[in-house]
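Here is how the chains run, residue by residue.
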Amino acid sequence: MTLAAGDAELLAIVKADAYGHSLALCAPAVARAGARWLGVTSVEEGVAARRLCPDARVLVIGGVFAGQGAAVIEHGLAAVVWEPGQLEELEGAARAAGARPGSVPVHLEIDTGMSRQGVSADGLDAVLALVGAGSPLRLEGVMTHLFAADEADGRVTEEQLVSLGEALGRIEAFGLFPDWLNVGNSAALLGGETGRIAAMAERHGMKAMLRPGLALYGLAPQFEPGEPEAVAAARRRLQPVLSWKTRVVGVRTVPAGAVVGYNGTFVATERMQLALLAAGYGDGLDRRLGNCFSLLVRGQRAPLVGRISMDQAVLDVTEIAGVEAGDEVVILGTQGHESITAFDHAEAAGTIPWEVFTRIGARVPRFAV
Ligand SMILES: *Cc1c(COP(=O)(O)O)cnc(C)c1O
């Protein structure tokens, strides 16, 4: 794992079932590849990651609810915190478990402009007071989320890093010296922010940590407007990890005028060959792709015709010779010389690759190949 080259630690983001790729397959794989830290959203995901990777550090990013502190302590998770209530929950659970002073690590999120999570400048002192001397909690890291790292001009990121630097100054002045500066997603990493984050960490006696998700699964985020050369180069090197396949259930011939699928939104223009697929929106095949996307069968693109059903979809294979029951159909991935990417799905469905991956249904079995 050389993504966060040398000057930064890698925190491998495996939330949302490893972006739909399967936590059970991916968490042990990234750990074997050398990742020491795993990032998840919830305590529940953290417990699952802990079972799979007993030795990894597991960071719970999305906050800790009342009643979840005990599980954080029991499973040795590290929680991102920013609300006094979260710190009180963890402190209470730590004391109940007899934790020694400074033995339960927390990472403090600073809101540097996204207004999603993280403590504001106004709230910082109150939160810092809860991790001071005598507390079982220890401020192990400081984090923020760069929410516009894919904007090629870098202006928003610059402002965020200035505001992060101010917060770091105040944390030091408070007498707290965390180990990790935990900043930056795939766009920040591939866009070349690692050096700047590492330099900021060093100025404050900290170590840098980056948190890529999408890049780990082999995709480079698209930058707007215009892509820096470093990102284009990274995209050429990266290979998507996931392929998504289904099979042909059966093939039928219909006459001109036959209607296909719910509400007959497709009408056969001639005598046509249609292949029924064992995948539908219940598997995560976006319903908006009906009549406006193609999948791969026998190495060729075949249009999806009619509405996508919950469990099934129909391909027009009139132009493709020899399609038969059992044939492999590629929804996402490569077959022969043709490929379909998560960006292609995202563009057709009006969304982003992150959503395409995370919507692949739980009933679709995942295999390592
Ligand atoms: C999901 C997430 C990431 C990873 O983002 P990518 O764009 O997939 O690299 C990093 N940090 C936080 C806080 C996240 O929620």
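Residues numbered from 1 in each chain as written. Predicted model: local features only at pLDDT ≥ 70, side-chain atom pairs only at ≥ 80, totals over all residues. Heavy atoms only, no water.

### Regarding the side chain of Thr 157
As a reminder of what qualifies: Under the DSSP-based scheme used, a helix requires at least four consecutive residues in state H or I and a strand at least two consecutive residues in state E, with every element numbered from the N terminus. Each residue is placed in one exposure class: buried if its accessible area under a 1.4 Å probe, protein chains only, is under 20% of its type's maximum, exposed if it is over 50%, and partly exposed if it falls in between.
With respect to the secondary-structure elements, Thr 157 resides in helix 7 (residues 155-173). On the basis of relative accessible area, Thr 157 is assigned to the buried category, the value being 1%.

### A few points about the packing of helix 2 (residues 23-32) against helix 3 (residues 43-52)
Note the threshold: Between N-to-C directions, angles cover 0 to 180 degrees, with each direction set by a line fitted to C-alpha atoms, over the stretch in contact for helices. Just so you know how the angles are binned, under 35 degrees is roughly parallel, over 145 roughly antiparallel, 65 to 115 roughly perpendicular, and the rest oblique. Helix crossings fall into two classes, left-handed where the near helix is turned counterclockwise from the far one by less than a right angle and right-handed where it is turned clockwise. Only heavy atoms matter for contacts: two residues are in contact if any of them lie within 4.5 Å across the pair. Under this grouping Gly is polar, as are all residues other than the nonpolar Ala, Val, Leu, Ile, Met, Phe, Trp, Tyr, Cys and Pro and the charged Asp, Glu, Lys and Arg.
Where helix 2 meets helix 3, the axes come as close as 9 Å, and the angle between the chain directions of the two elements is 60 degrees. Overall, the two elements helix 2 and helix 3 adopt an arrangement that is oblique. For the element pair helix 2 and helix 3, the recorded crossing hand is right-handed. Counting all contacts with helix 2, which are made through Leu 23, Ala 24, Ala 27 and Pro 28, the residues of helix 3 involved are Glu 45, Ala 48, Ala 49 and Leu 52. Looking at the contact of helix 2 with helix 3, its residues break down into seven nonpolar, no polar and one charged.

### Here we look at the site of the ligand
Put simply, the test is: Here a residue is near a molecule or strand as soon as one of its heavy atoms is found within 4 Å of it. Polar contacts here mean pairs of N or O atoms no more than 3.5 Å apart (in protein, one a potential hydrogen donor and the other a potential acceptor; neighbouring residues in sequence count only if both atoms are side-chain atoms).
Taken together, 14 residues lie near the ligand, and Lys 15, Tyr 19, Ser 186, Gly 213 and Trp 354 sit nearest. A distance of 2.8 Å separates an oxygen atom of the ligand from a polar backbone atom of Leu 214. Counted by class, the shell around the ligand contains seven nonpolar, four polar and three charged residues.

### Focus: the pattern of salt bridges
Counted only if it meets this: Throughout this description, the term salt bridge denotes a Lys or Arg side-chain nitrogen within 4 Å of a carboxyl oxygen of Asp or Glu.
What the rule picks out here adds up to 18 salt bridges. Notably, a salt bridge pairs Glu 140 with Arg 57, separated by 2.8 Å at the nearest N-O pair. Here Glu 140, found in strand 6 (residues 137-144), pairs with Arg 57, found in strand 3 (residues 57-60); they are 83 residues apart in sequence, far enough to count as distant. What makes Arg 57 partly exposed here is its relative accessible area of 26%. A salt bridge links Arg 301 to Glu 338; its shortest N-O distance comes to 2.8 Å. Remark: Glu 338 occurs in strand 17 (residues 338-340) and Arg 301 occurs in strand 14 (residues 300-303); sequence separation between them is 37 residues. A single salt-bridge network, built from bridges that share partners, covers Asp 286, Arg 288, Glu 355 and Arg 359.

### Description of empty space enclosed by the protein
Applicable threshold: In this analysis, the protein atoms alone were mapped onto a 1 Å grid. Cavities are point sets where a 1.4 Å probe fits without being able to get out; pockets are open sets with protein on both sides within 12 Å along at least five of seven lines; lining residues have an atom within 4 Å of a point. Grid points are joined across faces, edges and corners, and a volume is the space filled by probe spheres set on the points.
A full pass over the atoms with the stated rule returns three cavities of 30 Å³ or more. Of all the secondary-structure elements, those providing two or more residues to the lining of the largest cavity are helix 11 (342-349) and helix 12 (353-358). Across the lining of the largest cavity, the residue classes tally to four nonpolar, three polar and three charged. Every residue lining the second largest cavity is listed: Leu 168, Ile 171, Glu 172, Leu 176, Phe 177, Pro 178, His 204 and Met 206. Of the residues in the lining of the second largest cavity, the class split is six nonpolar, one polar and one charged.

### Here we look at the confidence of the model for the chain
Convention followed: The predictor's confidence in any single residue is recorded as pLDDT, a number from 0 to 100.
When the pLDDT values of the chain are averaged, the result is 96; 98% of them are 70 or greater. Throughout residues 1-5 the model reports pLDDT below 50, and contacts reaching past four residues in sequence, or to other chains, amount to 10 contacts.

### A few points about the sheet that holds strand 6
Quick note on the threshold: Here, strands pair whenever DSSP counts at least two bridges between them.
Strand order in this closed barrel of eight strands is 1-2-3-4-5-6-7-8, and the pairing throughout is parallel. Here the average twist between neighbouring strands, direction ignored, is 30 degrees. Sheet analysis places strand 6 next to strand 7 (residues 180-183), joined by four bridges and oriented parallel. Each bridged residue has a counterpart across the sheet, and for Thr 144 the counterpart in strand 7 is Val 183. Packing against the sheet, helix 3 makes contact with strand 2 (37-40) and strand 3, and its axis sits at approximately 170 degrees to strand 3. Contacting strand 4 (78-81), strand 5 (104-109) and strand 6, helix 5 (residues 84-96) runs over the sheet at an angle of about 150 degrees to strand 4.

### Focus: the layout of surface pockets
If a probe the size of a water molecule is rolled over the atoms, the empty space left behind becomes visible. Convention followed: What fixes the domain bounds is an automatic or database domain assignment.
By volume, the second largest pocket is sized at about 810 Å³. Every residue lining the second largest pocket is counted, 36 residues in all, and those nearest its centre are Lys 15, Tyr 19, His 145, Asn 185 and Trp 354. Of all the secondary-structure elements, those providing two or more residues to the lining of the second largest pocket are helix 1 (15-19), helix 8 (186-190), helix 11 and helix 12. Considered class by class, the residues forming the lining of the second largest pocket number 19 nonpolar, 10 polar and seven charged. Residue contributions to the lining of the second largest pocket reach at least three from each of two domains, namely domain 1 (8-237) and domain 2 (244-358).

### Re the side chain of Thr 351
Tracing the chain through its elements places Thr 351 in the loop between helix 11 and helix 12. Of the polar contacts made by the side chain of Thr 351, one reaches the side chain of Glu 355; its length is 2.3 Å. For Thr 351, the contacting residues outside a window of four places in its chain are Ala 346 and Val 356.

### Details of the packing of aromatic side chains
Using the following cut-off: We call Phe, Tyr and Trp rings a pair once their centres come within 6.5 Å, taking the six-membered ring for Trp, and we label the pair stacked below 30 degrees between planes, edge-to-face above 60, and tilted otherwise. Consider the ring centre and the ring normal. A charge sits over the ring if Lys NZ or Arg CZ is within 6 Å of that centre and within 35 degrees of that normal.
Under the defined criterion, the tally for this structure stands at two aromatic pairs. Plain terms: the ring middles of Tyr 19 and Tyr 217 are 4.9 Å apart, the flat faces sit at 25 degrees to each other, and that makes the pair stacked. Here the residue Tyr 19 occupies a position in helix 1, and Tyr 217 occupies one in the loop between strand 8 (207-210) and helix 10 (229-237), the gap between them amounting to 198 residues. As far as burial versus exposure is concerned, Tyr 19 and Tyr 217 are alike and both buried. Seen from their ring centres, Trp 37 and Trp 180 are 5.9 Å apart, and the 75 degrees between their planes marks the pair as edge-to-face. Highlighted residues: Trp 37 in strand 2 and Trp 180 in strand 7, separated in sequence by 143 residues. Taken as a pair, Trp 37 and Trp 180 share a single burial class, namely buried. One cation-aromatic arrangement involves Lys 207 over Trp 180; the distance from NZ or CZ to the ring centre is 4.2 Å.

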